[in-house]
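Given next are the chains, with one letter for each unit.
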Amino acid sequence: MGAKCLLASLCLAFSGFGSGTAGAETLIINSYGGPYEDIIRERIIGPFEKRFGIDVVYDAVGSAQQDYAKIKATQGRPGFDLVVMTASQSLQGCKDGLLEQLTPSSIPNLNALQGELAAVAGACGAVHEVQYLSLLYRTDKLASQPSSWSALLEPELNKRVILPTFQNIMAVYLLEMMSVTNGGDLIDNVDPGFDAMAKISAQSVGFEQSSAILESYLREGSVWAMPFWNGRAQLMVDEGLPVDYISPKEGTIPLVATLNIPVGAANKDAARKFIDFFLEKSSQEAWVAGYRVGSARGDITVPDELKDRQLTAGPDGDRLHLPDLLRLQEKLPEWAERWERDVVPNAR
Amino acid sequence: MNSLALDLHPPARRRRTLAWFPLAALSPSLMVLSAFFALPMGMMIGMSFTQTETFSPTLEHYQRFFTDGLSIAGFCRTALMSLLVAVSVTVLGYPVAYFLARATTRWRAVVFALALAPELAGVVLRTYGWLIILEDRGFINDLLLHLGVISSPLPLSKNLFAVVVGLTHVVLPFGILSLMTSIQGIDPNLERAAQMLGASRLAVIRTIVLPLSVPGIVSSMLIAFTMAASAYATPALLGGAGFKVLATMIYEQVLFYIDWPFASVMAMALLLMMLGISFVGVRYESRRRSRASVSSGGER
């Protein structure tokens, strides 16, 4: 009798568990922490869960490149269903066959993205946000507003500049922009960029990898200028700090952020629903207003204070430089060695 | 008498059981080590000889390691850093270990707790602590600037000095424990006898305790060296972009450049460095022991 009772209880318990998990679909999203997490939870994930009844588990561990390394190490089964990366990893992942191809038949809102920006990420990435590399500076320290990337070489900024390490893609883009500024190009002739970076390094206080740590130097005023993503720079402006940012006259390189699905993801349908939801007009408007970034959708309403500060592929095409990201990826090891040899030792 | 006879000549079946017992006892750990150490190690070695695109055998990654200049520099930096940490840990840990081995007062427990206290906090936490103390805007520079002793911050962080300080703090408890065990094995009567015969305290330490505690010193140096050579968090945080060691370089190759064959070569270099230094230490100790046993045998 006791054994029968025990068996019945176990059956009941397991059937209860089963119905619980089957009832609520779960989507595991790997993305970033910090202000990004707060804003995405409030403006995107919350409304998505409400509309579709899907539970989202948010994993904030790892940068885009670290996430891609995990996808590669697990042959496309990293344990998350959706990941926020950049166009570089999207292209590489598609080439390596590790990311799912995304099509408008399952994600209709892909058709609403501007073709040129959407194409940057290739067939496996859905562009949900666009930022650009800006020059962030302290308004209370600099005598006048800078207008060029060359401002980082001004004697006024001696020991007042901080640089990202080469493992932060900001450093690569800054190198490329210094190359363009000094007569080189984005990929094949970056010698002028390395020469300029060696000089900037000599007047820098050093290198930091994390954006949060880089930001802290400018916040406390020990550093007066640095390259930074415009979205995060805008968040600092919004906080009322004595800082501002510019898109220098030589132009800049966009950071195209993407949503991707690993080929071995367990909940691909839910991931596709999330991507479509994120690319909806209302979601993009909420995201742009909250995270202060640009969108690949041309039909959204952008808050007035952001309108003049954002660059889009159409009207600002001549100011946005789009490097061949696959070739850039191939060049990285060689450039990294050169960076370590020619740029880093000049600091201090 | 019967039981003694049984112990000396166990039946064949029991002998077989006894012969298998050590192997059976070892098998769980052997299985774990095979699955999680030997197999990945074999894969790593194989990967270091594999061409990335075609998967054909190649030595190109080793060639790159020896010719790019940065990898060899990283190897030498790792060796120098680990050696300095090993020496610092042993020199700083020896007096503490001696006190702990010989003291009988209640202070022994207090010092023991203090010696092991750093292990209560995680490595990253301790390293950030040192960063707050040593960085340009840190406690020491702030204090010296405030007192007018210096006009610009001293370079206390983002260099070899900072990493050696941080790692010494991390590894010191292990060095102390190793030295303490060795010193505890020395008969205190030897020290008392020497003192009764007129030797000074310093002479006793120099001529009796130090020579007899060489196994502990070697062991402390080996532990500190290998722990320092394989450390990642402390060199990454306190060394900064300009101070790359093999562990941080491997991390970059694995996660940022996704060049796993080259990372495997670096890991092999690190492994060989640690095996080499362990071999030298063990060899030195065994030769010293054999010399000691020959000389004591001659005296007899």
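Residues numbered from 1 in each chain as written. Chains lettered and ligands numbered in written order. Predicted model: local features only at pLDDT ≥ 70, side-chain atom pairs only at ≥ 80, totals over all residues.

J.: Sorry if this is basic, but what is going on with the overall build of chain B here?
T.: The number of helices and strands found in chain B is 14 helices and zero strands. Going from the N terminus to the C terminus, chain B shows its helices and strands as α-α-α-α-α-α-α-α-α-α-α-α-α-α. The C-alpha atoms of chain B give 25 Å as radius of gyration, which overshoots the globular expectation for 300 residues (19 Å, by more than 25%). In terms of principal-axis extent, the alpha carbons of chain B reach across some 80 × 60 × 40 Å. When the 300 residues of chain B are sorted by exposure, 31% land in the buried category. Taking as baseline every contact in chain B between residues at least 6 positions apart, the subset at least 24 positions apart corresponds to 73%. (Helix = DSSP H or I, 4+ residues; strand = E, 2+ residues; numbered from the N terminus. Rg over C-alpha atoms; globule rule 2.2 N^0.38 Å. Buried ≥ 20, exposed ≤ 12 C-beta atoms within 10 Å, placed from the backbone. Contact = placed C-beta atoms within 7 Å.)

J.: Honestly, the pairing of strand S2 (residues 54–59) of chain A in this entry has me stumped. Any pointers?
T.: Each regular strand shows side chains that alternate between the opposite faces of the sheet. Residues and elements named next belong to chain A. Two strands pair when backbone bridges link them, and strand S1 (residues 25–30) and S2 are joined in this way by six bridges, in the parallel orientation. Looking at S2, one finds that Leu27 is bridged to Val56. Traced from S1 through helix H2 (residues 35–52) to S2, the parallel crossover comes out right-handed. (Pairing = 2+ DSSP bridges. Right-handed = clockwise from strand over helix to strand, strands pointing away.)

J.: How do you make sense of the environment of Arg108 of chain B when you look at a structure like this?
T.: All names here are of chain B. Take Arg108: it is sitting in helix H5 (residues 107–116). Through-space distance from the C-alpha of Arg108 to that of Leu154 is 37 Å; in sequence the pair is 46 residues apart. Once you skip the residues sitting within four places of it in the chain, Arg108 turns out to touch Leu100 and Ala103.

J.: It is not clear to me how the domain arrangement of chain A should be interpreted in this structure. Could you clarify?
T.: Accessible area lost during the coming together of the parts is what is often quoted as the interface size. Residues and elements named next belong to chain A. In terms of domains, chain A is made up of domain 1 (10–129 + 255–310) and domain 2 (131–254 + 318–343). The C-alpha-based centres of domain 1 and domain 2 are spaced at 28 Å. With 16 residues of domain 1 in contact, the opposing surface of domain 2 contributes 15 residues. Every element with two or more residues in the side of domain 1 that touches domain 2 is listed here: helix H4 (87–95) and strand S9 (254–260). Sort the elements by how many residues they give to the side of domain 1 that touches domain 2 and H4 lands first, with five residues. Within the side of domain 1 that touches domain 2, the residues separate by chemical class into eight nonpolar, four polar and four charged. (Domains from an automatic or database assignment. Nonpolar A, V, L, I, M, F, W, Y, C, P; charged D, E, K, R; others polar.)

J.: Please explain the interface of chain B and chain A as it appears in this structure.
T.: Counting residues at the interface gives 16 residues for chain B and 20 residues for chain A. The biggest single contributor to the side of chain B that touches chain A is helix H13 (residues 246–255) of chain B, with three residues. Looking at the side of chain B that touches chain A residue by residue, the classes come out as eight nonpolar, two polar and six charged.

J.: Help me understand the packing of helix H6 (residues 123–134) of chain B against helix H8 (residues 160–184) of chain B, please; the structure alone is not making it clear to me.
T.: How two helices pack is summed up by the angle between their axes together with the distance between the axes. Residues and elements named next belong to chain B. Between H6 and H8, the least distance of the axes is 10 Å, while the angle of their chain directions is 140 degrees. By the angle class used here, H6 and H8 are oblique. By crossing handedness, the relation of H6 to H8 is classed as right-handed. In contact with Val123, Arg126, Thr127, Trp130 and Leu134 of H6, H8 contributes Ala162, Val165, Gly166, His169 and Val170. Class assignment for the residues of the contact of H6 with H8 results in six nonpolar, three polar and one charged. (Axes fitted to C-alpha atoms, helices over the stretch in contact; angles between N-to-C directions. Parallel < 35°, antiparallel > 145°, perpendicular 65-115°, else oblique. Left-handed = near helix turned anticlockwise from the far one by under 90°.)

J.: It is not clear to me how the confidence of the model for chain B should be interpreted in this structure. Could you clarify?
T.: For residues with low pLDDT, the predicted coordinates do not support detailed interpretation. Residue and element names in this part refer to chain B. Taken residue by residue, chain B gives an average pLDDT of 89. The fraction at 70 or more is 92%. In this model residues 1–6 is a low-confidence stretch, pLDDT under 50, and it forms zero contacts with partners more than four residues away in sequence or in other chains. Confidence estimates for the predicted assembly give a pTM of 0.82 and an ipTM of 0.79. (pLDDT = per-residue confidence, 0-100.)

J.: Where do I start with the pairing of strand S8 (residues 243–246) of chain A in this structure?
T.: All names here are of chain A. What you see with S8 is a clean split: Val243 and Tyr245 sit on the buried side and Asp244 and Ile246 on the side with no burial. Bridge count for strand S4 (residues 126–138) against S8 is four bridges, and the pairing is antiparallel. Bridging across to S8, Leu135 finds its partner in Ile246.

J.: What should I look at first to understand helix H7 (residues 191–202) of chain A in this one?
T.: In an α-helix, one turn spans 3.6 residues, which is why side chains three or four residues apart end up on the same side. Residue and element names in this part refer to chain A. Taking 1.5 Å as the rise per residue, H7 with 12 residues should run 16 Å; its terminal C-alpha atoms sit 17 Å apart, in good agreement. When we look at burial in H7, the residues that qualify are Gly193, Ala196, Met197, Ile200 and Ser201. For H7, the angular spread of the buried residues around the axis is 140 degrees, confining them to a single face. Lining the buried residues of H7 we find strand S5 (161–164), helix H6 (169–181), strand S6 (204–208) and helix H13 (325–343). (Expected span 1.5 Å × (residues − 1). Arc of directions from axis to C-beta.)

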